[in-house]
Amino acid sequence: MKNYWQIFKKGIVAENPIFVLALSLCPALAVTSSATTALTMGLSVMFVISMNNIVVSLTRKVVNPKVRVPVYITSIATIVTVVQLVLQAYAPDLYDALGIYLALIVVFAIILARAESFASKNKVVPSFFDGFGMGSGFCVALVIIGIIRELLGAGSIFGVKILGDWYNAPLIMILPAGGFILIGYLVAAWKILTTHMEKKQAERGEA
Amino acid sequence: MAEVKSNKELFNVSVSPHIRSEESVSKIMWTVNLTLAPAALFGVYHFGLNALMIILLGIVSAVFFEWAVEKIRKKPITIKDGSAFLTGLLLAMCLPPTLPAWMAIVGSFIAIVVAKHAMGGIGSNIFNPAHIGRAALMVSWPVAMTTWSKMTTSVPDVVSSATPLNILKQQGYDALISTFGSASNMYQAMFLGNRSGSIGETCTVLLVLGGLFLIYKKYINWQVPVVMIGTVGILTWIFGPAGFLTGDPLFHMMAGGLIIGAFFMATDMVTIPITIKGQIIFAFGAGVLTTLIRLKGGYPEGVCYAILLMNCLTPLIDRFCQPKKFGVRG
């Protein structure tokens, strides 16, 4: 169990898809101008990546390595279609807000990367936890970016007005340029955080 | 022991360089600040108190952010060398005089913290910090950044709320002439600075004098401003409003931020190519881009973006303009 916890935790902190691996930055910029869309996208990706890792892991002995990429894509596309239909039925507003990026989950680098580097080599349960951890890391990163961008760029969080009318929001935070600068600073902050945590862990190990 | 000491005095052995220049970063920066001061003071006289507020807040906040970042990064504090002062001053001089003054602080923050220190501090920044600050403000508050005031002083009949380039873009050349009365009136106003525009960009004569002093002191190469302004002049003359060779180069050369950009921004030692050849390519490219944005783009003025875009190309230009090694064939 402890092992699974390690696999899960790795995806959130030490190998965070956005802040450390720097994969799938395009959606991280495109859907994070508000916290709500960021959270929806994060949860969708979390679901897709976990399910896909299970499928890939289950079929890893059946699939010929030469055709593995089309097989992965087919599997991801199936799961994404499910997510799309569910969102369209139960949350049409969010579905419209995410637009093309929901369908683009099919080609997110992070999902293919986990299928290729983890799920195709490991058993089902660890693969699920890897996907779940990576998905959670992606979701956490997106929500952090989304909250900061929405707060600075629109004065609200999850659509709730936080800053009053005095706040003259800079448009740059809603635009991709502000997103890029913010992600840069968050990567630096993440680095400080993880270095600090590693140092603490090392100290605890010595003591 | 005593003998050795006296020998050392007699035959002072040291590694090269043996002759050192008196120049230093700090001396150059303060000289540039001084050469900019007349145009900035003219801006204050011309546009009034809010312009003064913007300049002061821009400078003070830029110096403060420089101090704060160096404190956090545990680097030597270099606020006395004038580079942060210069960034704040240049930024403020590129802002419209009616801008809410606190926006200058945001601009200084972007310029110093994001564009300068995130890239590694003085000497390591890819882009001109002051122009990055201005571009970020332009993107953040487009309405405030394109609202131009009436002038507070000077000749009443040239009062206009839009900048000359704005009038040219929206209403055409004839409307531009009629706002000033006549063509010679317009040239005179553009030359002396009796027009609307950013705080420090209006007074052509003071900026040119400041720039000439820098050229005389050899702090900047004359090729850069000459090529950049010349390119804009020639291209705007060729691609005039009524067909080929009907443009008004004199107007375009004095309009907008071209003079301050060409003399003080495009000559920033850090962000332009090292060799003269490279600098000429840089200046030419900036001139072409400025003309393109002015004549074909959505914005009335393009100096800021032109210089920033050429800053991106600086490493590439440097690569193709490496001087030949002495004594090596080919």
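Worth saying up front: this structure is predicted, and the values here are computed from it rather than measured.

Caption draft 1: Structural view of the layout of surface pockets. The computed volume of the largest pocket comes to approximately 760 Å³. Counting residues per element, the ones that place at least two in the lining of the largest pocket are α8 (124–154) and α9 (176–206) of chain A together with α3 (49–72) and α5 (102–117) of chain B. Here the lining of the largest pocket is composed, by residue class, of 23 nonpolar, 4 polar and 1 charged.

Caption draft 2: Region of the structure containing the UniProt feature "modified residue: FMN phosphoryl threonine" (unreviewed entry) in chain B. All names here are of chain B. UniProt's feature table lists "modified residue: FMN phosphoryl threonine" (unreviewed entry) at Thr163, given in the numbering used throughout. Assignment of secondary structure puts threonine 163 in the loop between α7 (142–145) and α8 (164–171). Contact partners of threonine 163, with chain neighbours within four places excluded, come to Trp148, Ser196 and Gly197.

Caption draft 3: Structural detail: the interface of chain A and chain B. Across the boundary between the two partners, chain A contributes 8 residues, which contact 10 residues of chain B. The three residues of chain A that bury the most area against chain B are Asn168, Ile172 and Tyr185 of chain A, which together make up 57% of that side's buried surface. At the junction of chain A with chain B, the criterion picks out 0 salt bridges. Of the residues in the side of chain A that touches chain B, the class split is 7 nonpolar, 1 polar and no charged.

Caption draft 4: Fine view of the nonpolar core. With 101 residues, the main nonpolar core has Ile105 of chain A together with Leu36, Met228 and Phe264 of chain B as its most contacted residues. Looking at this core element by element, the count peaks at 8 residues for helix α2 (residues 25–47) of chain B. Here this core spans two domains, and each of domain 1 (26–145) and domain 2 (175–320) of chain B adds at least three residues to it. Those residues in contact with leucine 36 of chain B that lie beyond four places of it in its chain are Leu86, Leu89, Leu90, Met93, Leu207, Ile260 and Phe264 of chain B. In this structure, Leu165, Met186, Met254 and Ala255 of chain B belong to the second largest nonpolar core, which totals 13 residues.

Caption draft 5: Broad picture of the pattern of salt bridges. Scanning all chains against the criterion turns up 6 salt bridges over all chains. When the shortest N-O distance is used, the salt bridge between aspartate 130 of chain A and lysine 10 of chain A registers 3.6 Å. Here lysine 10 of chain A lies in helix α1 (residues 2–12) and aspartate 130 of chain A lies in helix α8, a separation of 120 residues in the sequence. The partner of arginine 195 of chain B in a salt bridge is glutamate 201 of chain B, with the nearest N and O atoms 3.8 Å apart. Judged on exposure class, the residue arginine 195 of chain B and its partner glutamate 201 of chain B are both buried. Taken together, the salt bridges that share partners define one network made up of Lys10, Arg114 and Asp130 of chain A.

Caption draft 6: Spatial organisation of the UniProt feature "transmembrane region" (unreviewed entry) in chain B. Residues and elements named next belong to chain B. Sites flagged by UniProt as "transmembrane region" (unreviewed entry) map to residues 51–69, 89–115, 196–215, 222–244 and 250–267. Secondary structure content for residues 89–115 is 70% helix and 0% strand, and the end C-alpha separation is 16 Å. Annotated as residues 196–215, this span is 60% helix and 0% strand, and its ends, taken at the C-alpha atoms, are 28 Å apart.

Reading the values: the criteria
Residue positions are given per chain, counted from 1 along the sequence in the order it is written. All chains are assigned letters beginning with A, and all ligands numbers beginning with 1, in the order in which they are written. For this predicted model, a pLDDT threshold of at least 70 governs which residues receive local features, and a threshold of 80 or more governs which side-chain atom pairs are given and counted, while totals over whole chains, interfaces and linings are taken from all residues. Note: side-chain values were computed over all heavy atoms of the structure, leaving out hydrogens and water. Method remark: on a 1 Å grid restricted to protein atoms, a set of points is classed as a cavity if a 1.4 Å probe fits but cannot get out and as a pocket if it is open with protein on both sides within 12 Å along at least five of seven lines; lining residues have an atom within 4 Å of a point. Grid points are joined across faces, edges and corners, and a volume is the space filled by probe spheres set on the points. Helix numbers and strand numbers start at the N terminus; a helix is a DSSP run of H or I with at least 4 residues, a strand a run of E with at least 2. Here the nonpolar group is Ala, Val, Leu, Ile, Met, Phe, Trp, Tyr, Cys and Pro; Asp, Glu, Lys and Arg are the charged ones; every other residue, Gly included, is treated as polar. UniProt positions are given in the numbering used here, feature names are shortened, and annotations may be inferred rather than shown by experiment. Here a residue-residue contact requires only that any non-hydrogen atoms of the pair lie within 4.5 Å. Once two parts are brought into contact, the accessible area they lose, counted with a 1.4 Å probe and summed over both, makes up the buried area. Only one rule defines a salt bridge in this text: a Lys or Arg side-chain nitrogen within 4 Å of an Asp or Glu carboxyl oxygen. Take the buried residues of types Ala, Val, Leu, Ile, Met, Phe, Trp, Tyr and Cys, join any two whose side-chain atoms come within 4.5 Å, and each joined set is a nonpolar core. Only protein chains enter the accessibility calculation, which uses a 1.4 Å probe; a residue is then buried when its area is under 20% of its type maximum, exposed when over 50%, and partly exposed in between. Where each domain begins and ends follows an automated or database-derived domain assignment.

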